[in-house]
Amino acid sequence: MGRILLVVRLAVRDLRRRRTEAALLLLAILAATTTLTLALVLGDAARDPYESTRKATNGPDVVANGQTAGLPRLESLTTAAGVTDHSGPFPVTSGKLQAADRTSDVQIVGRDAAPASVDRPEVTQGSWVSDGGVVMEAAFASALEVRVGDSVTLADRSFKVVGFAVTAAMPPYPGSSCIVVKPGCVNGVITEGQTLPAGLLHNPGLVWLTQADVRSIAPDPNSLSYVLNLKLADPNGAQAFIDANSGGPGRAAAMQSWQDILTDAIELARDSQILLLIGTWLLGLLAVASLSVLVGGRMADQTRRVGLLKAVGGTPGLVAAVLLAEYVLVALVAAVGGLAIGTLTAPLLTESSAGLVGSAGTPPITMARVIVVIAVALAVAVVATAVPAVRAARSSTVNALADAARPPQRMGWLIAISARLPVPLLLALRVAARRPRRVVLGVASIAVTVSGIYVLLVLNAFLATQPLTGGYGESQVRVLRHVLLTWTVILLTLAAVNAIVITWATVLDNRHSSALARALGATPSEVTGALAAAQVLPAFVGAVLGVFPGGFALFAAINGITGGDSDRATLPSLWQLAVLVLATLLVMAALTAVPARLGGRRPVTDTL
């Protein structure tokens with residue numbers, strides 16, 4: 001217990017002495033844990049509007065549909081074991097709905113004017129069905145920009161829009177379920193050149209008429225389909241009920257559980273989760289790079305302290321524990337902060353569809369999520385710090401106490417090349433050669449950032465040009481843009497922190513050599529230019545690698561995970577990629593200018 005207390009006290013004291021570096025450590029891990037938490041809780045936050053709609057409308061546990069010939073089978077389901085209540089069967093037909101200059105395929109359900117006991121759609125505007133009046137599913141009406149009181153055409157007949165309503169028996173438009181058996185429906189993307197069979201409905205909306213009106217516009221009574229809503233004694237056993245009552249002779253009814261409807265209703269949240277999980281991986285890599293640079297600089301500053309700890313009896317294990325403890329403490333604080341921020345902000349990234357009531361609430365913090373987020377935070381900290389900490393702990397006590405300057409590695413080919421370059425580039429190459437692993441981390445950091453921006457450009461272009469072919473309405477596109485914006489801001493912020501951290505670590509690591517170069521005749525401007533160039537040159541390599549193969553590979557990975565069609569995506573043009581690389585260099589030059597200027601103008605006598 002005494003050893004643990006000693007380790008904690010030393011770690012806390014060290015964090016207090018270096019508050020700026022501790023804050024940067026916290027920010028780096030906090031970005032990753034917040035994004036991970038958002039990805040984990042977004043699904044639960046998106047469930048709330050559907051659950052509210054299901055409660056308000058007494059939504060069905062199972063929705064069954066069939067043709068006229070299968071009507072006896074549908075009716076028999078009302079007395080099946082486990083059924084406690086039902087509504088229907090209601091007649092359903094298909095057609096075209098024309099509203100002003102917009103036309104859409106539509107499924108038309110006949111309902112009674114009196115509210116049903118199961119699936120009683122909640123009217124959000126206007127009134128319920130009446131003779132000659134049509135009620136439109138709210139998300140469908142929003143997509144077509146229809147208002148209560150407008151006239152629409154169904155099957156060459158004019159109907160007045162008397163209201164909008166929401167239902168839990170079907171996902172909101174444009175993800176509506178298909179309850180028309182013939183000709184059937186298809187949702188999603190129709191590729192160029194693909195033709196649909198005659199009569200097949202594409203992304204149909206949902207409207208309600210009276211049963212009499214539905215029968216009057218049906219081309220043939222035998223063409224009608226029917227839909228039945230069932231309430232079960234055990235809603236969680238909906239799929240078991242379907243399995244028990246599907247198949248076999250005379251069992252031609254198609255059924256869908258409320259859990260499947262929920263899954264389709266929150267499909268947007270699943271897309272957002274995928275984006276955020278990918279962002280978590282990118283931010284995790286950036287956090288490791290940032291921590292590795294910070295840890296390397298801290299270990300160099302703590303060499304003498306390591307020697308003192310070992311000289312007074314500290315074992316290598318104790319020394320390593322002391323060096324690791326402060327990063328573990330920061331990781332734990334970042335995990336708690338990420339859980340809180342991600343959980344509280346998740347509702348902001350889930351916009352309730354117009355086809356649902358209520359809004360997303362704050363999801364609960366479960367133990368499983370706490371464990372995952374803490375594990376990721378600790379993994380980032382340990383991966384970045386374990387090797388330097390163990391190396392420092394195993395170092396010689398005498399050498400650590402001496403804290404001698406690290407001799408530069410002299411490479412003949414590098415000296416020959418750099419000798420012919422201008423002074424700033426000469427010094428920049430030699431600065432980079434002193435810390436090759438830091439250069440690799442800088443290249444990797446920029447490559448990860450540019451890869452993420454490459455994918456953002458592709459996704460943004462897709463949402464701008466083909467949102468409806470992807471099955472997204474305007475409100476859904478707005479939500480996905482918010483997710484992309486969140487990802488972009490966090491990614492660029494952490495990348496900027498990385499650039500500043502790497503530059504400042506380089507300035508500190510080269511303060512003696514920079515002072516010596518100035519003593520031998522280099523001007524402050526040349527030293528400043530060298531320190532900045534030492535970051536900009538690797539940034540150029542990282543930007544090129546981030547465009548290809550990094551960005552291309554990341555986009556291919558996203559398509560593989562989501563099952564997307566890369567042929568529909570518009571890849572960035574060459575001029576866009578050139579601007580991206582150039583912008584990366586300019587931003588890197590701006591971010592590194594201040595630390596490099598401070599390091600290049602430090603008094604020579606004080607440093608030496």
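About the criteria used
- Residues numbered from 1 in each chain as written.
- Predicted model: local features only at pLDDT ≥ 70, side-chain atom pairs only at ≥ 80, totals over all residues.
- Heavy atoms only, no water.
- Helix = DSSP H or I, 4+ residues; strand = E, 2+ residues; numbered from the N terminus.
- Buried < 20%, exposed > 50% of the residue type's maximum accessible area, 1.4 Å probe, protein only.
- Contact = heavy atoms within 4.5 Å.
- Areas by Shrake-Rupley, 256 points an atom, 1.4 Å probe, with all protein chains shown as cover.
- Core = buried A, V, L, I, M, F, W, Y, C linked by side-chain atoms within 4.5 Å.
- pLDDT = per-residue confidence, 0-100.
- Phe/Tyr/Trp six-rings, centres within 6.5 Å; stacked < 30°, edge-to-face > 60°.
- Lys NZ or Arg CZ within 6 Å of the ring centre and 35° of its normal.
- Salt bridge = Lys/Arg side-chain N within 4 Å of Asp/Glu carboxyl O.
- Pairing = 2+ DSSP bridges.

If you tally the helices and strands in the chain, you get 20 helices and 12 strands. When the 608 residues of the chain are sorted by exposure, 49% land in the buried category. If you take every contact in the chain between residues at least 6 apart in sequence, the share linking residues at least 24 apart comes to 81%. A total accessible area of about 27600 Å² is found for the chain, and carbon and sulfur atoms account for 63% of it.

Take the nonpolar core next. Ile29, Leu275, Leu283, Leu291, Val455, Leu484 and Trp487 are the most contacted members of the largest nonpolar core, which totals 65 residues. Within the residue set of this core, elements represented by two or more residues are helix 2 (19-56), helix 8 (267-301), helix 10 (316-345), helix 11 (367-393), helix 15 (436-465), helix 16 (474-509), helix 18 (524-562) and helix 19 (574-600). Top element by residues in this core is helix 2. It accounts for 12 residues. In this view, Ile29 contacts Leu291, Val330, Ala331, Ala334, Ala377, Val380 and Ala381; residues no more than four positions away in its chain are not counted.

The next point concerns the confidence of the model for the chain. In the predicted model, the chain carries a mean pLDDT of 78, and 77% of its residues have values of at least 70. Averaged pLDDT values for the elements of the chain fall to 52 in helix 12 (residues 397-402) and rise to 92 in strand 5 (residues 133-137). Overall, residues 400-405 carries pLDDT values under 50, and its contacts beyond four positions in sequence, including any with other chains, amount to 12 contacts.

The tally for this structure, following the rule as stated, stands at three aromatic pairs. Taken together, a centroid distance of 5.7 Å and an interplanar angle of 50 degrees make the contact between Trp128 and Trp208 tilted. Highlighted residues: Trp128 in the loop between strand 4 (122-126) and strand 5 and Trp208 in strand 10 (residues 205-210), separated in sequence by 80 residues. Both residues of the pair, Trp128 and Trp208, belong to the buried class. A centroid spacing of 6.0 Å and a plane angle of 50 degrees characterise the contact between Phe548 and Phe552, whose relative ring orientation is tilted. Of this pair, Phe548 and Phe552 both sit in helix 18, four residues apart, which is roughly one turn of that helix. For the cation-ring pair, Arg54 lies above Trp258, with the distance from its terminal atom to the ring centre recorded as 4.4 Å. The ring of Phe90 has Arg111 sitting right over it, with the charged end atom 4.2 Å from the ring centre.

Another point: the pattern of salt bridges. Summed over all chains, the structure comprises five salt bridges. Between Lys96 and Asp105 there is a salt bridge; the shortest N-O distance is 2.6 Å. Classification of Asp105 by relative accessible area gives buried; the value is 8%. We note a salt bridge from Arg102 to Glu145, for which the minimum N-O separation is 3.7 Å.

Attention shifts here to the pairing of strand 11 (residues 225-232). In terms of burial, strand 11 is a largely internal element, eight of the eight residues being buried. Of the two faces of strand 11, the one carrying Ser225, Val227, Asn229 and Lys231 and the one carrying Tyr226, Leu228, Leu230 and Leu232 are both buried. Inspection of the sheet shows strand 1 (residues 62-67) paired to strand 11 by six bridges, in the antiparallel sense. In the sheet register, Asn65 faces strand 11, and the bridge partner there is Val227. Pairing of strand 2 (residues 83-99) with strand 11, which is carried by seven bridges, proceeds in the antiparallel orientation. Each residue of the ladder has a partner; that of Ser87, found in strand 11, is Asn229.

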